[in-house]
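Examination of the molecular architecture
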Amino acid sequence: MGFKCGIVGLPNVGKSTIFNALTRSSALAANYPFATIDPNVGIVSVPDKRLNALSEIVAAKKIVTTSIEIVDIAGIVKGASQGEGLGNQFLSHIAEVDAIIEVVRCFEGTDIIHVSGSIDPLRDIEVIQMELILKDMEILSKHKIRFEKAAKAGDKKASQVLSILERYEKTLNEGKPARQVSVTADEKALLKDVNLLTQKPILYAANVAEEDLGKPDGPHVAAVRQRAADEGAAMITISGKVEEDISKLEPEEREEFLKAMGLKESGLDQLVREGYKLLNLITYFTVGETENRAWTVAKNSTGPQAAGVIHSDFEKGYIRAEVIAYEDFLKYKGEQGAKEQGRFRLEGKEYIVQDGDVMHFRFSV
């Protein structure tokens, strides 16, 4: 599994339409608030042309891509943190994801009613951010009470956690998300039980009209792009209608469709690329006659950590990894050619896995 992301947004911004298109699903998409009540979940194969290229060199019985899990969460409205709309129900679903995809409406049109009566993406972003901040303040308050008691009893670790929570509290009170608070890896470890919603990385998906896709940014999209840049967040431009059309096509037809639209990649391709970048994830590959497969690991993972993604025994009993860079594997037409050119490497436990590595692990249980 690559990562788990939740799609959020105000009602009627095209959230469920985009979810359906990306996952080839059939979640209810309608022109009224709360068309989504229970979260819909879809598993999406991650497109990676590198895996196809490797499979042209090493024929395998099965080709397995990595995947991402997408959760379509009920539309958020002002006051949700206090129970408006579906209230806290949606908030628990957001707590379970690795990253947030926020669909922001950037298309005009009177046929689909905007819950606020007009198109203003920055206002919409503020509404959702404030609801998440308010919920985080509630979460933070409960944790503070617990750690204050422990700190008074002389627990040094609790005192450390309390100090970090106070930094978060100050930022939230200023109307800023928790992800703007700088914390060290050690501090993050101390806060593993404190799951703040606004701590999660966010990717803005500007939903535009079909005719605006691939064109220079209009004022709405430009506003979202600037907001994302200011926050250090990711951003893609997508058209729910176009993605819906793409989802109905066969793989070979999609390439032709994108060319005809003047597009280099689909919304799903953008989402995967930016999502991996946002979460600091990379892909490595294993190849063989039985199976060619893509695996997702965190950037800067060691050889044993990468092996552990396949099976915990691989990590525990790790001896070494046989590694060929993706470009070398292609250039020299596989393992034998790479060996002949001195591009086949044996790497130990300290090796840092690189994106695109073709790996084979040696281990002993």
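Residues numbered from 1 in each chain as written. Predicted model: local features only at pLDDT ≥ 70, side-chain atom pairs only at ≥ 80, totals over all residues. Heavy atoms only, no water.

Attention shifts here to the sheet that holds strand S4 (residues 67-72). Taken in spatial order, the six strands line up as S2-S4-S1-S5-S6-S7 in an open sheet, and their pairing is mixed. Strand pairing shows two members of the sheet lacking a second neighbour, strand S2 (40-45) and strand S7 (234-238), which therefore form its edges. Within this sheet the neighbouring strands show an average axis-to-axis angle of 25°, counted without direction. Where strand S5 (residues 99-105) and strand S6 (residues 202-207) come together, six bridges link them in parallel fashion. Residue Val 104 lies in a different strand from S6, and its bridge partner there is Ala 206. Where helix H4 (residues 121-152) meets the sheet, it contacts S5 and S6, and its direction lies at approximately 145° from that of S5. (Pairing = 2+ DSSP bridges. Helix = DSSP H or I, 4+ residues; strand = E, 2+ residues; numbered from the N terminus. Axes fitted to C-alpha atoms, helices over the stretch in contact; angles between N-to-C directions. Contact = heavy atoms within 4.5 Å.)

Ile 68, Ile 70, Tyr 168 and Tyr 204 are the most contacted members of the largest nonpolar core, which has 68 residues in total. Considering every element that reaches this core, the biggest residue donor is H4, with nine residues. If we ignore the near neighbours within four places in the chain, the residues touching Tyr 204 are Glu 102, Val 104, Ile 125, Arg 179, Val 224, Arg 227, Ala 228, Glu 231, Ala 233, Ala 234, Met 235 and Ile 236. Grouped together as the second largest cluster of nonpolar side chains are 14 residues, Trp 295, Ala 321, Val 353 and Phe 361 included. (Core = buried A, V, L, I, M, F, W, Y, C linked by side-chain atoms within 4.5 Å. Buried < 20%, exposed > 50% of the residue type's maximum accessible area, 1.4 Å probe, protein only.)

Counted by the stated rule, this structure contains three cavities of 30 Å³ or more. In this structure, the largest cavity encloses a volume near 60 Å³. Around the largest cavity, the lining residues are Ile 100, Glu 102, Ile 125, Ile 128, Gln 129, Leu 132, Pro 177, Arg 179, Thr 198, Ile 202 and Tyr 204. Of all the elements in the fold, those that place two or more residues in the lining of the largest cavity are S5, H4 and S6. If you tally residues by element for the lining of the largest cavity, the top one is H4, at four residues. Class assignment of the residues belonging to the lining of the largest cavity gives a composition of seven nonpolar, two polar and two charged. Its boundaries defined by the atoms lining it, the second largest cavity holds a volume of some 40 Å³. A breakdown of the residues in the lining of the second largest cavity according to their chemical character gives eight nonpolar, one polar and no charged. (1 Å grid on protein atoms, 1.4 Å probe; cavity = no way out; pocket = protein on both sides within 12 Å on 5 of 7 lines; lining within 4 Å. Points joined across faces, edges and corners; volume = space filled by probe spheres on them. Nonpolar A, V, L, I, M, F, W, Y, C, P; charged D, E, K, R; others polar.)

Right, let's talk about the packing of helix H8 (residues 240-247) against helix H9 (residues 251-261) for a bit. The N-to-C vectors of H8 and H9 enclose an angle of 150°; their axes lie 10 Å apart at closest approach. It follows that H8 is roughly antiparallel to H9 by the angle criterion. In this structure, H8 crosses over H9, and the sense of that crossing is right-handed. Contact residues: H8 offers Val 242, Asp 245 and Ile 246, while H9 offers Arg 254, Phe 257, Leu 258 and Met 261. (Parallel < 35°, antiparallel > 145°, perpendicular 65-115°, else oblique. Left-handed = near helix turned anticlockwise from the far one by under 90°.)

To continue, consider the layout of surface pockets. Considering only enclosed or pocket space, the largest pocket measures out at about 1,200 Å³ in volume. Lining the largest pocket are 43 residues, and of these Val 46, Pro 47, Asp 48, Lys 49 and Asp 269 sit closest to its centre. Elements represented by at least two residues in the lining of the largest pocket include exactly helix H1 (15-23), S2, helix H2 (49-57), H8, H9, helix H10 (267-278) and strand S8 (281-286). Among the elements that take part in the lining of the largest pocket, H10 stands out by supplying six residues, more than any other.

What follows covers the confidence of the model for the protein chain. Summarising the model, the protein chain shows a mean pLDDT of 88, and 88% of its residues fall at 70 or more. Element-level pLDDT for the protein chain is lowest in helix H3 (residues 88-94), with a mean of 68, against a maximum mean of 98 in helix H13 (residues 326-331). A low-confidence stretch, residues 26-37 (pLDDT under 50), is modelled with 34 contacts involving residues beyond four sequence positions or located in other chains. Every residue in residues 83-87 is under pLDDT 50, and counting partners more than four places away or in other chains gives ten contacts. (pLDDT = per-residue confidence, 0-100.)

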